[in-house]
Amino acid sequence: MGKFILARSAQALLVLAVMSVVIYALIGLMPGDPIDLMISADPKMTSADAAALREIYGLNQPLYRRYLAWLGAALQGDLGYSRLFGQPVLDVLLPALGNTLLLMASAFLIAVAIALPLGTLAAAKPRSALDYGVNLYAFAGISLPSFWLALLLIMLFSVTLGWLPAGGMAPAGAPLGEQLRHLALPVATVATLHIGAYSRYMRSAMLEVLRHDYIRTARAKGASERRVVWVHAWRNALIPVVTILALDFGFLFSGALVTETIFSWPGMGKLIFDAVMGNDFNLAIVALLFATALTLLGNLIADLLYAKLDPRITVGRPR
Amino acid sequence: MSSAVHHSHSPTQLALRRFARHKLAIASAALLALLALAVACAPLIEWLLGVSANQVDLYNRLAAPSWQHPMGTDELGRDTLLRLLYGGRVSLLTGLAAAACAASIGTLIGICAGYFSGRTDTVLMRLTDSIIALPLLPLLIVLAAIDLTKLGLSAQLANSESISLYRIIVIVALTGWTTVARLVRGATLSLREREFVLAARGIGASDWVIMRRHILPNLLSPIIVAVTLSIGSVILLESVLSFLGLGIQPPLASWGNMLTNAQQLIWEAPQLAIYPGLLIFITVICFNFVGDGLQDAFDPKAEQ
């Protein structure tokens with residue numbers, strides 16, 4: 001097990017290191033550079049001044065030299081300043097991370113709380129109306145464009161009914177009700193999209209488990225159908241589902257880019273989008289790397305969880 | 001016994017029959033065919049209505065449906081129906097092209113990994129796993145935002161209308177190949193131990209010939225299933241990027257970029273937000289149903 005953890009962690013770190021190079025290079029390929037932005041802010045600047053500034057800031061250096069300089073500073077904790085916010089990058093990033101976590105954890109919990117019982121009920125009565133309903137909903141869930149769902153929800157609850165705000169986040173000191181009202185639509189968007197897939201995972205895991213001998217034994221000794229499903233089968237069916245959910249949780253940190261952008265929810269996704277669109281090079285690099293690192297961490301945890309939950313999986317020895 | 005011989009069917013016929021049992025998949029395929037026909041007829045409808053798709057008419061902004069504009073007009077007075085049809089062309093074509101490119105890359109990588117196994121397999125599959133483990137959307141946004149002139153393209157080419165089309169196909173293909181690669185690798189692993197492959201190797205066929213002539217044809221059904229299932233997600237991805245202003249660039253219409261302005265107009269003209277999204281949703285869910293049906297048809301063991 002120790003060796004397995006080590007190997008997987010090493011791989012994740014390697015991917016992160018490679019991605020830091022890739023992201024740095026890609027950001028360098030975006031339109032303009034920091035000096036162009038200075039020029040547009042100061043009309044008196046001459047091209048000679050610009051060249052001198054590029055010299056001073058090292059922008060005429062080759063890419064690998066610039067990357068190494070950035071990496072050296074970053075490893076010492078200097079992640080630079082955000083151009084858009086006029087604050088150190090980390091001071092911008094951490095609150096955004098908190099906001100994303102609030103949004104995503106709420107949506108995730110709601111989706112799981114609805115999807116797991118739904119999937120189990122569907123599997124307990126295969127080919128029932130509920131089973132077909134869950135299946136159809138699962139297909140709809142993976143086929144719905146997230147931004148369209150968000151627009152429809154805004155249309156219904158903000159424009160037509162006027163019940164909920166169309167976007168933004170309540171200020172820090174606002175009463176809880178106000179906070180929840182702002183949270184409702186983005187959470188509903190993310191949860192709606194995930195319930196379908198989650199209930200399908202649960203349904204197929206449950207169907208798989210219900211075929212086993214010990215289920216037949218439980219039925220033969222006279223256990224009620226409810227007890228067979230919710231006690232004997234449920235816990236075993238949860239093993240693969242928990243793994244997939246853990247895997248998904250990693251993606252939730254960065255996956256809500258569209259939802260956050262539409263609802264102006266100040267989280268990681270919107271931050272990355274704004275940074276890329278607003279030529280905020282420092283912020284974009286660090287935010288993308290943070291999102292990558294968190295997703296990789298989620299994947300790593302899911303891998304380890306899977307190995308831990310299912311003793312049949314032998315780890316450490318390949319093949 | 002003799003009747004069994006009389007009624008024997010080729011595997012393709014059997015697959016077709018199983019597919020035909022899948023009512024949702026059949027209905028979806030019919031709907032997609034209808035949609036493709038409508039989209040192909042866009043110039044004809046344009047001619048019948050006597051207006052062109054990108055014709056701006058500021059005296060007729062957000063007009064209600066009429067004989068000249070059967071679905072009304074948008075905020076610039078352009079005909080909504082025509083924009084939807086031309087947008088559909090772009091969305092469907094980019095979807096198909098990107099899925100085909102992604103499938104080609106995935107097949108190449110999967111077949112090499114499965115056939116050569118050993119170190120090649122380890123390296124290729126670690127690469128695949130790593131890409132799957134990345135937060136794709138934020139990275140795709142950066143890819144969509146990069147300045148092509150910095151890659152050596154001439155400014156004229158980088159700003160041309162069609163480049164946004166090619167760019168999005170490349171971006172989606174670069175990231176969408178992983179599912180196909182995994183599927184193809186798995187199938188190749190079992191195929192390479194089969195007798196006909198061993199026989200081919202025995203008579204001295206080269207690796208390249210074995211992969212191309214003996215393994216690839218047997219991979220056709222998993223590849224078709226994977227492509228059909230991935231077209232849906234590819235169309236979704238294109239629409240998201242276009243919606244964010246990073247995909248297909250206006251005035252070229254796509255279902256995604258038609259929704260970009262719809263958010264600002266949601267109070268005045270909610271219908272503009274409904275139609276393009278509904279078409280994306282219907283198209284994607286139809287492709288998913290057809291893919292599901294094909295999966296059942298080609299792989300009866302997976303049926304429950």
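Residues numbered from 1 in each chain as written. Chains lettered and ligands numbered in written order. Predicted model: local features only at pLDDT ≥ 70, side-chain atom pairs only at ≥ 80, totals over all residues. Heavy atoms only, no water.

1. Brief notes about the overall build of chain B
Within chain B one finds 15 helices and zero strands. Expressed as lengths along the three principal axes of its C-alpha atoms, the size of chain B is roughly 75 × 60 × 30 Å. When burial is assessed residue by residue, chain B has 47% of its 304 residues classed as buried. A fraction of 70% describes how many contacts in chain B between residues 6 or more apart in sequence connect residues 24 or more apart. When the accessible surface of chain B is split by element, carbon and sulfur atoms take 66% of a total near 14900 Å². With 20 positive and 18 negative side-chain charges, chain B shows a spacing of 10 Å between the two charge centroids. (Helix = DSSP H or I, 4+ residues; strand = E, 2+ residues; numbered from the N terminus. Buried < 20%, exposed > 50% of the residue type's maximum accessible area, 1.4 Å probe, protein only. Contact = heavy atoms within 4.5 Å. Areas by Shrake-Rupley, 256 points an atom, 1.4 Å probe, with all protein chains shown as cover. Lys, Arg positive; Asp, Glu negative; His and termini not counted. Charge placed at Lys NZ, Arg CZ, Asp CG, Glu CD.)

2. Some words on helix α5 (residues 80–116) of chain B
The terminal C-alpha atoms of α5 of chain B, which comprises 37 residues, lie 53 Å apart, in line with the 54 Å expected from a rise of 1.5 Å per residue. After α5 of chain B finishes, the residue Ser-117 of chain B shows a positive phi value of roughly 45°. (Expected span 1.5 Å × (residues − 1).)

3. Topic: the side chain of Ser-20 of chain A
All names here are of chain A. One can find Ser-20 in helix α1 (residues 2–28). Polar contacts involving the side chain of Ser-20 include one to the main-chain carbonyl oxygen of Ala-17, which spans 2.7 Å. Of note is the side chain of Ser-20, whose polar atom sits 2.5 Å from the side chain of Tyr-67. The contacts of Ser-20, once residues within four sequence positions are left out, are Tyr-67 and Leu-289. (Polar contact = N/O pair within 3.5 Å; in protein donor to acceptor, adjacent residues only side chain to side chain.)

4. Some remarks on the confidence of the model for chain B
All names here are of chain B. Across chain B, the average pLDDT comes to 81, with 92% of residues at or above 70. Within chain B, no element has a lower average pLDDT than helix α1 (residues 2–6), which sits at 50, and none a higher one than α5, at 89. Among the prediction metrics, the complex's ipTM stands at 0.83, with pTM recorded as 0.84. (pLDDT = per-residue confidence, 0-100.)

5. Details of the environment of Ala-113 of chain B
Residue and element names in this part refer to chain B. One can find Ala-113 in helix α5. Residue Ala-113 is classed as buried on the basis of its relative accessible area, which comes to 0%. Remark: the alpha-carbon pair of Ala-113 and Gly-186, spanning 73 residues in sequence, is separated by 9.2 Å. Apart from residues lying up to four places away in sequence, Ala-113 is in contact with Asp-121, Leu-124, Met-125 and Arg-185.

6. Description of the interface of chain B and chain A
With 41 residues of chain B at the contact, the number on the chain A side is 46 residues. The interface formed by chain B and chain A contains zero salt bridges. Across the chain B-chain A interface, the total number found is three residue pairs in polar contact (both at pLDDT 80 or more). (Salt bridge = Lys/Arg side-chain N within 4 Å of Asp/Glu carboxyl O.)

7. Considering the packing of helix α7 (residues 146–160) of chain A against helix α8 (residues 176–210) of chain A
Two packed helices can be described by the angle between their axes and the distance between those axes. All names here are of chain A. Where α7 contacts α8, the two axes come as close as 10 Å, and the packing angle between them is 135°. As the angle between them shows, α7 and α8 are arranged oblique. Both α7 and α8 take part in a crossing whose hand is right-handed. Packed against α7, whose contacting residues are Ser-146, Leu-149, Ala-150, Leu-153, Ile-154, Phe-157 and Ser-158, the element α8 presents Leu-185, Ala-188, Thr-189, Thr-192 and Leu-193 at the interface. In terms of residue class, the contact of α7 with α8 is built from eight nonpolar, four polar and no charged. (Axes fitted to C-alpha atoms, helices over the stretch in contact; angles between N-to-C directions. Parallel < 35°, antiparallel > 145°, perpendicular 65-115°, else oblique. Left-handed = near helix turned anticlockwise from the far one by under 90°. Nonpolar A, V, L, I, M, F, W, Y, C, P; charged D, E, K, R; others polar.)

8. Here's the deal with unusual backbone geometry
Leave glycine aside and you will find that most residues have negative phi; peptide bonds, for their part, are mostly trans. All names here are of chain A. Backbone geometry places Arg-127, a non-glycine residue, at a positive phi of 65°. Following the sequence through the fold, Arg-127 ends up in the loop between α5 (89–124) and α6 (129–143). With phi around 55°, Asn-279 is a residue other than glycine that occupies positive phi space. Tracing the chain through its elements places Asn-279 in the loop between α12 (268–277) and α13 (281–309).

9. A word on the pattern of salt bridges
All names here are of chain A. In this structure the tally under the stated criterion is eight salt bridges over all chains. Residues Arg-216 and Asp-213 are paired through a salt bridge, measuring 2.9 Å at the closest nitrogen-oxygen approach. Linking Arg-216 with Asp-213, this pair stays in helix α9 (residues 213–220), spanning three residues, or about one helical turn. Considered together, Arg-216 and Asp-213 belong to a single accessibility category, that of exposed residues.

10. Thoughts on the packing of α5 of chain B against helix α6 (residues 118–132) of chain B
Residue and element names in this part refer to chain B. In contact at an axis separation of 7 Å, α5 and α6 are set at 145° when each is read in the N-to-C sense. Crossing handedness for the pair α5 and α6: left-handed. Packed against α5, whose contacting residues are Ile-109, Cys-112, Ala-113 and Phe-116, the element α6 presents Gly-118, Thr-120, Asp-121, Leu-124 and Met-125 at the interface. Classifying every residue of the contact of α5 with α6 gives six nonpolar, two polar and one charged.

11. Describing the packing of aromatic side chains
The description of an aromatic ring pair rests on the distance of the ring centres and on the angle between the ring planes. As enumerated under the stated definition, the model contains eleven aromatic pairs over all chains in all. Between the aromatic rings of Trp-148 of chain A and Phe-281 of chain B, the centroid separation amounts to 6.2 Å while the plane-to-plane angle is 35°, which identifies the pairing as tilted. Remark: Phe-281 of chain B occurs in helix α15 (residues 270–298) and Trp-148 of chain A occurs in helix α7; the pair is interchain, linking two chains. For the pair Trp-148 of chain A and Phe-281 of chain B, one class covers both residues: buried. For the ring pair Tyr-115 of chain B and Phe-116 of chain B, a centre distance of 5.3 Å and an interplane angle of 85° mean the geometry is edge-to-face. Overall, the relative accessible area of 5% leaves Tyr-115 of chain B in the buried class. Judged by relative accessible area, which is 36%, Phe-116 of chain B ranks as partly exposed. One aromatic cluster is present, built from ring pairs that chain together Tyr-24, Tyr-67 and Trp-70 of chain A. (Phe/Tyr/Trp six-rings, centres within 6.5 Å; stacked < 30°, edge-to-face > 60°.)

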